[in-house]
Amino acid sequence: MNIHQFLTSYSYGDAIGNEVLEIRNFLRARGYESEIFAHWYHPKYADQINNYREYDGYSDKDNIILYHFSIGSPVTRKFLQVPDKKVIIYHNITPHHFFLDYHRVLAKDCYKGRVELKNLAGKVDMGLGDSHYNEQELKDAGFTHTGVLPLVMNFEKFEEPVVPVLKELFDDGKSNIIYVGRIIPNKMVEDVIKSFHLYQKHFNANSRLFIVGEYRGFERYLSALHHLVGELGVKDVHFTGHVPEDELISYFKLAHLYLHMSEHEGFCAPVPESFYLNIPVIAFNAGAVKETMNNGGLLVNRKDFLHIAGLMDRVLTDPELEEKILASQQKALQKYYKNKTGNILLEYIKKMGEKES
Amino acid sequence: MPEKDNHPSTNESFISADKTIDVEEIMAAIKKRIQEKKDSGVLRQTEIDEIEDMELLPLPDFLEIPNVYEPHLYPEHKADDFHPYHIEPEEEHGLVKKILSKIRRLLLPLLRFMLRPFVSDLKNLVVELHNTNKQDVHNLKQTVPITFQSKEYIKLLHNAINNMIVESSKLKIEEELLKTRIKVMEDKIAFLEERERAIEKKLFAETGKAGKK
């Protein structure tokens, strides 16, 4: 039995891309043949990823396909055509209304994705969400055999040291606040900027904000964010764009607080990553964030920017509170260790085999 | 405004955290700090409200531009024939209509009697007005033929203006996007300059150490 993976787009460094690689490596280490098939991928990864149209050569009714589903695409049709056993790993689809003002094509694909999800119900052997929140959406869409597979997190990569130049530049006594994630409208980066502005203006002028993440395709959103920064007169806001992994790790390690104001999350990988790196987290309670936080860090239930700024100040100036937050984060982190997630996946696969026999 | 996604109710406390963290105490401290700032006049509620209400102003989508202006510019000049002074005759309906027609019928003999001396004059007047009107239209066509072609010109002008507005709007968006790109590039250049200095500093420090050894 071989276990292969399907996905629409493989982007190096994003949570789904990382998970796909981790699952493949985990499965290969346990003796399974495992390949990745995608619709879009950078030519740089052509040695690791195959085009999904080439899957016919690998297809077998005893194989299992894990389809990482997060958007509508032609991969779904292929997934349904082949005779292999089918498992969908649902990473959630951002509601299309978030993109209407900025990216009509993506809005359409997200809308189509939700329609495809309903069509997939009853046609797959199992539906796994990477959070209970996502599992519930699968159930609501009509899936009967469901489960939760926490996102495979590889924390080993964080063992790398800080890039010396970045350390020289940003390890200068200023309080570094960080947001990591794509610069897209549902992440509400504007709310991060507003909170930071009030923090910088009224609590700590000696502070800077790192906004680390890809903005390609959302230039108009980026432009609006730049306009907001100018209008508010916020200083020291760094839009880094997409950065290589070593730099991402460095930005994380140079940060003193992680701030997340997103209004839709199916999981939110930077939260456990911050937990691992002992960065206190303040995040807004939306989507699966509460579940991902797992009672670690500080969850904000309302968008009151002044109080959020006050909270940031409190966390960064009260060592006792910071210690308690970090302890809660370490406790919350336990459920994310890689082997555990890999073993959960193998358990589900075993269950599928039992069901067949 | 996008709808909120699974947001907590407003009754929930501002912060949720592990039970080892006293959220009430944190909130009390934050509120106290904020109140102090407000009392000292450093912080004004209007400023906070302004920031809360501040919304992002996205540039319109290139593809959407024609759809933005078309409804405003086209409708009156799109149809081949238009009647700006076309007035629908008012008609009475139902019971009102019946009552009015009865009154009219009753008054008709009286009306005829009253108007009898002027009937021939009225008939002549109607004929005269009709002829004058015809003559006027004819004269107008002879003297200012352009007036009757102007409808087409106006349509053409509207098309041209519409296209110009669409294209200039696109240019404006492009300009704004280019400004953002310049801003991003400026930031990157500033960052690279700082980076260069940091590398130089590191390099000289390393070579200095090696030299001493």
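Residues numbered from 1 in each chain as written. Chains lettered and ligands numbered in written order. Predicted model: local features only at pLDDT ≥ 70, side-chain atom pairs only at ≥ 80, totals over all residues. Heavy atoms only, no water.

## Let's talk about the overall build of chain A
- Helix and strand counts for chain A stand at 13 helices and 13 strands.
- By its C-alpha atoms, chain A is 65 × 40 × 40 Å across when sized along the principal axes.
- Counting across all 357 residues of chain A, residues that qualify as buried make up 64%.
- Restricting to contacts in chain A with at least 6 residues of sequence separation, those with at least 24 account for 68%.
- For chain A, the computed accessible surface area is about 13,400 Å², with 48% contributed by carbon and sulfur atoms.
- Across chain A, 41 positive and 47 negative side-chain charges occur, with their mean positions spaced 4 Å apart. (Helix = DSSP H or I, 4+ residues; strand = E, 2+ residues; numbered from the N terminus. Buried < 20%, exposed > 50% of the residue type's maximum accessible area, 1.4 Å probe, protein only. Contact = heavy atoms within 4.5 Å. Areas by Shrake-Rupley, 256 points an atom, 1.4 Å probe, with all protein chains shown as cover. Lys, Arg positive; Asp, Glu negative; His and termini not counted. Charge placed at Lys NZ, Arg CZ, Asp CG, Glu CD.)

## Quick notes on the overall build of chain B
- A count of helical and extended segments in chain B gives seven helices and one strand.
- With 213 residues in all, chain B has 17% of them scored as buried.
- In chain B, the share of contacts with a sequence separation of at least 24, taken over all contacts with a separation of at least 6, comes to 68%.
- When the accessible surface of chain B is totalled, it reaches about 17,700 Å², and 60% of it is carbon and sulfur.

## So, the sheet that holds strand β1 (residues 3–10) of chain A
All names here are of chain A.
- On the basis of which strands lie adjacent, the open sheet formed by seven strands has the order β3-β2-β1-β4-β5-β6-β7 and parallel pairing. At either margin of the open sheet sits one strand with a lone partner, and together these are β3 (49–51) and β7 (146–148). Shown here is a sheet whose adjacent strand axes are inclined to one another by a mean of 30°, direction ignored.
- For β1 and strand β2 (residues 36–41), the ladder comprises five bridges, and the chain directions are parallel. Across the sheet, residue Y10 finds its bridge partner in β2, namely Y41.
- Together, β1, β2, β4 (64–69) and β5 (85–90) form the strand contacts of helix α1 (residues 15–29), whose direction differs from that of β1 by roughly 165°. (Pairing = 2+ DSSP bridges. Axes fitted to C-alpha atoms, helices over the stretch in contact; angles between N-to-C directions.)

## So, the pattern of salt bridges
Residues and elements named next belong to chain A.
- Counted under the stated rule, the structure contains 25 salt bridges over all chains.
- When the shortest N-O distance is used, the salt bridge between D56 and K78 registers 2.9 Å. On the criterion of sequence distance, the pair formed by D56 in the loop between β3 and β4 and K78 in helix α2 (residues 75–81) is long-range, its members being 22 residues apart.
- According to the relative accessible area criterion, K78 is buried, its value standing at 11%. (Salt bridge = Lys/Arg side-chain N within 4 Å of Asp/Glu carboxyl O.)

## Considerations on the state of the cysteines
Residue and element names in this part refer to chain A.
- All chains considered together, the criterion is met by zero disulfides over all chains.
- Cysteine C110 shares no disulfide, and the gap to the nearest cysteine sulfur, in C268, comes to 17 Å.
- Residue C268 is classed as buried on the basis of its relative accessible area of 3%. (Disulfide = S-S within 2.5 Å.)

## Description of the confidence of the model for chain B
All names here are of chain B.
- In this model, chain B carries an average pLDDT of 78, and 78% of its residues clear a pLDDT of 70 or more.
- Mean pLDDT across the elements of chain B bottoms out in helix α4 (residues 75–78) (54) and peaks in helix α1 (residues 23–39) (93).
- Segment residues 79–87: pLDDT under 50, and six contacts once partners within four positions in sequence are set aside and those in other chains are kept.
- For this predicted complex, the interface score ipTM comes out at 0.81, while the overall pTM is 0.77. (pLDDT = per-residue confidence, 0-100.)

## Some remarks on the interface of chain A and chain B
- Each partner contributes residues to the interface: chain A has 64 residues there, and chain B has 55 residues.
- Overall, the association of chain A and chain B removes approximately 5,300 Å² of surface from exposure, summing both partners, and the carbon and sulfur fraction of that is 61%.
- Connecting chain A to chain B are six salt bridges.
- The partner of B:E47 in a salt bridge is A:K201, with the nearest N and O atoms 2.9 Å apart.
- At the junction of chain A and chain B, the tally comes to 16 residue pairs in polar contact (both at pLDDT 80 or more).
- At the level of secondary structure, the elements contributing two or more residues to the side of chain A that touches chain B comprise α5 (164–170), α6 (189–202), α7 (219–232), α8 (245–254), β13 (298–300), α11 (305–317) and α12 (319–333) of chain A.
- The biggest single contributor to the side of chain A that touches chain B is α7(A), with 12 residues. (Buried area = accessible area lost by both parts, 1.4 Å probe. Polar contact = N/O pair within 3.5 Å; in protein donor to acceptor, adjacent residues only side chain to side chain.)

## Description of α12(A)
- Here α12(A) is 15 residues long and its end C-alpha atoms lie 21 Å apart, about the 21 Å a rise of 1.5 Å per residue gives.
- Looking at the buried side of α12(A), the elements it contacts are α9 (270–276), β12 (281–284), α10 (289–293), β13 and α11 of chain A together with α1 of chain B.
- For α12(A), the capping residue at the N-terminal end is A:D318, with a side-chain oxygen 3.1 Å from the backbone nitrogen of A:E320. (Expected span 1.5 Å × (residues − 1).)

## Some details on helix α3 (residues 104–120) of chain A
Residues and elements named next belong to chain A.
- Its 17 residues place the ends of α3 24 Å apart at the C-alpha level, agreeing with the 24 Å of an ideal helix rising 1.5 Å per residue.
- Lining the buried residues of α3 we find β4, α2, β5 and α4 (132–141).
- Immediately downstream of α3, the backbone of G122 shows phi near 90°, a positive value.

## Some details on the packing of aromatic side chains
- Enumeration according to the criterion identifies 21 aromatic pairs over all chains in this entry.
- Summarising the aromatic geometry, the rings of A:F6 and A:Y55 are spaced 4.9 Å apart at their centres and angled 85° between planes, so their arrangement reads as edge-to-face. Of this pair, A:F6 sits in strand β1 while A:Y55 sits in the loop between β3 and β4, and the two are 49 residues apart along the sequence. In terms of burial, A:F6 and A:Y55 fall into one category: buried.
- Arranged with centres 4.9 Å apart and planes meeting at 75°, the rings of A:F37 and A:Y58 form a pair that is edge-to-face. In this pair, A:F37 sits in strand β2 while A:Y58 sits in the loop between β3 and β4, placing the two residues 21 residues apart along the sequence.
- The class of A:F37 is buried, set by a relative accessible area of 0%.
- Judged by its relative accessible area of 34%, A:Y58 is partly exposed.
- Put simply, the rings of A:F6, A:F37, A:Y55, A:Y58, A:Y67, A:F69, A:F79 and A:Y90 pair up and form one aromatic cluster.
- Between B:K37 and the ring centre of A:F203, over which it is positioned, the NZ or CZ distance is 5.3 Å. (Phe/Tyr/Trp six-rings, centres within 6.5 Å; stacked < 30°, edge-to-face > 60°. Lys NZ or Arg CZ within 6 Å of the ring centre and 35° of its normal.)

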